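Analysis of the macromolecular model
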Amino acid sequence: MKSILTAVLCTSLCACGAGADQASVKESPSYSSWATPSISTAHIRTEPRHGSEMSSQALMGTPLKLTAKTDNGWCRIETPEGYTGYINGNTLAELDSAGFDEWRRAPRVIVTSVNEVKAYSDTSDFTVMSDLVPGCIIAGRKEPGDGFVAVALPDRRTGFVEARHLTDLDEWADSRPSAEAIIDLAMNQTGAPYLWGGLSSKGMDCSGLTKMAYYRCGIILPRDASQQAVCGTPVPLDSLQKGDLLFFGNVATGRVNHVGIYDTDGYFIEAAGRVRRSLLADNQNFLYARRIIGADSIATARLHPWYFINKGPK
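Residues numbered from 1 in each chain as written. Predicted model: local features only at pLDDT ≥ 70, side-chain atom pairs only at ≥ 80, totals over all residues. Heavy atoms only, no water.

What to know about the confidence of the model for the protein
In this model, the protein carries an average pLDDT of 91, and 91% of its residues clear a pLDDT of 70 or more. A low-confidence stretch, residues 2-21 stays under pLDDT 50, and its non-local contacts, those more than four residues away or across chains, total 15 contacts. (pLDDT = per-residue confidence, 0-100. Contact = heavy atoms within 4.5 Å.)

In C-alpha cells form, the structure reads like this:
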C-alpha cells in the first residue's frame, strides 16, 4: 500500500527543497519517438528530478513512448499500460521509428528466472556487465542445448547470460497463463523489502508484486491497486482459486488501497513491509476478489503493438 503520509511528506520536501529549481525546468518535443531502459530497473518519477516521488519503474527492454525532453536531462515517457512520468535520460536507449520497428522484429529473450541474474561480458572470467531482473527483455536468440546465450543490451553492450534464466520472447508471449507460475514468482520474492513504486525483485510495493507476477505470464496489468481492482471478473469469497487478486481498503467507502495474490488454504501473498504469505482471515479490510486468468479483457504482450511488429504502434 502506498502510504498517503509518504505522499504528503514528499510534497512537503519538494516545496522546501528543489521546488524553485523545478519551476525553471522546460520541456521540448523529443526527436526520438521511442525508448527502452538500458539498466535493469529505471525509476519513473512524477517530476523531472531525482528528489521527486518514484511512482513506478520500467524494466530493461520495456518499450516506452518518448513524448518530451527537459532541459535538465529527463525524458517524459508513457509505459505500455498507459502510466506516465519522467525517467532520467542517461538510463534510456532512444529509438526512432525505424529503430523501434527493428527492435520489434529482432530475436529477443526475456528473463524468466524468479530472482536477479547477471549478464557477463565474457565467459572466461565472468566479469559482470549488468544485473538483470525477472521481466528484462534483451536481444538474443536461444537455441536448444545452449549453456549461455549471446545477448545485446539496449545500449548495444554485448555479453552472455545463462540460457536457463531466459525464454524466447515469442515463446513467452504465446504461453498460456499459469497460476502456478504466478505463485512461484511471487513466493520466491518472500522477504524482499517493500519499496514504494518498486516493480522488481530488488523491492516492490503491493501492486508492483502483482503486476510483476502476472507479467511473468505475458499479462500486462495496470500499475496501481485501484486500477487493477477493475480488471478481470468478480469472484465470490468461497470460490477463490490460485492466482486470484484480493483487494483491501476502507470497508465503509470501498476505496481500494492494497492488493495481494491468493494462494491456497486461505493464504495470500502480499507486499506489506516485506513480501510475505499472510492469512486472509486475519485481515479485517478485505473488500473483494477478481479473477484475471481467463478474462477476455486482459491486455497481453502478444497483442500489444509496442512489443511485436504484428500491429503498428499506437
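As for the nonpolar core
With 30 residues, the main nonpolar core has Met204, Leu209, Tyr214, Leu245, Ile261, Val275 and Ile292 as its most contacted residues. Not counting residues within four places of it along the chain, the set of residues in contact with Leu209 comprises Ala186, Gln189, Met204, Ile269, Glu270, Ala271 and Val275. Core analysis: the second largest hydrophobic core is formed by 17 residues, Ala119, Val133, Cys136 and Val161 among them. (Core = buried A, V, L, I, M, F, W, Y, C linked by side-chain atoms within 4.5 Å. Buried < 20%, exposed > 50% of the residue type's maximum accessible area, 1.4 Å probe, protein only.)

Topic: the sheet that holds strand β23 (residues 286-291)
Within the open sheet, the six strands sit side by side as β18-β23-β19-β20-β21-β22. Their pairing is antiparallel. Two strands bound the open sheet, and with one partner strand each, they are β18 (233-235) and β22 (274-279). Adjacent strand axes in the sheet meet at a mean angle of 35° when their direction is disregarded. Where β18 lies against β23, three bridges are found, and the strand directions are antiparallel. Note that in β23 the partner of Thr233 across the bridge is Arg291. Contacting β20 (256-262), β21 (267-272) and β22, helix α5 (residues 179-187) runs over the sheet at an angle of about 110° to β20. Lying over the sheet, helix α6 (residues 206-215) contacts β19 (245-249), β20, β21 and β22, oriented at roughly 40° with respect to β20. (Pairing = 2+ DSSP bridges. Helix = DSSP H or I, 4+ residues; strand = E, 2+ residues; numbered from the N terminus. Axes fitted to C-alpha atoms, helices over the stretch in contact; angles between N-to-C directions.)

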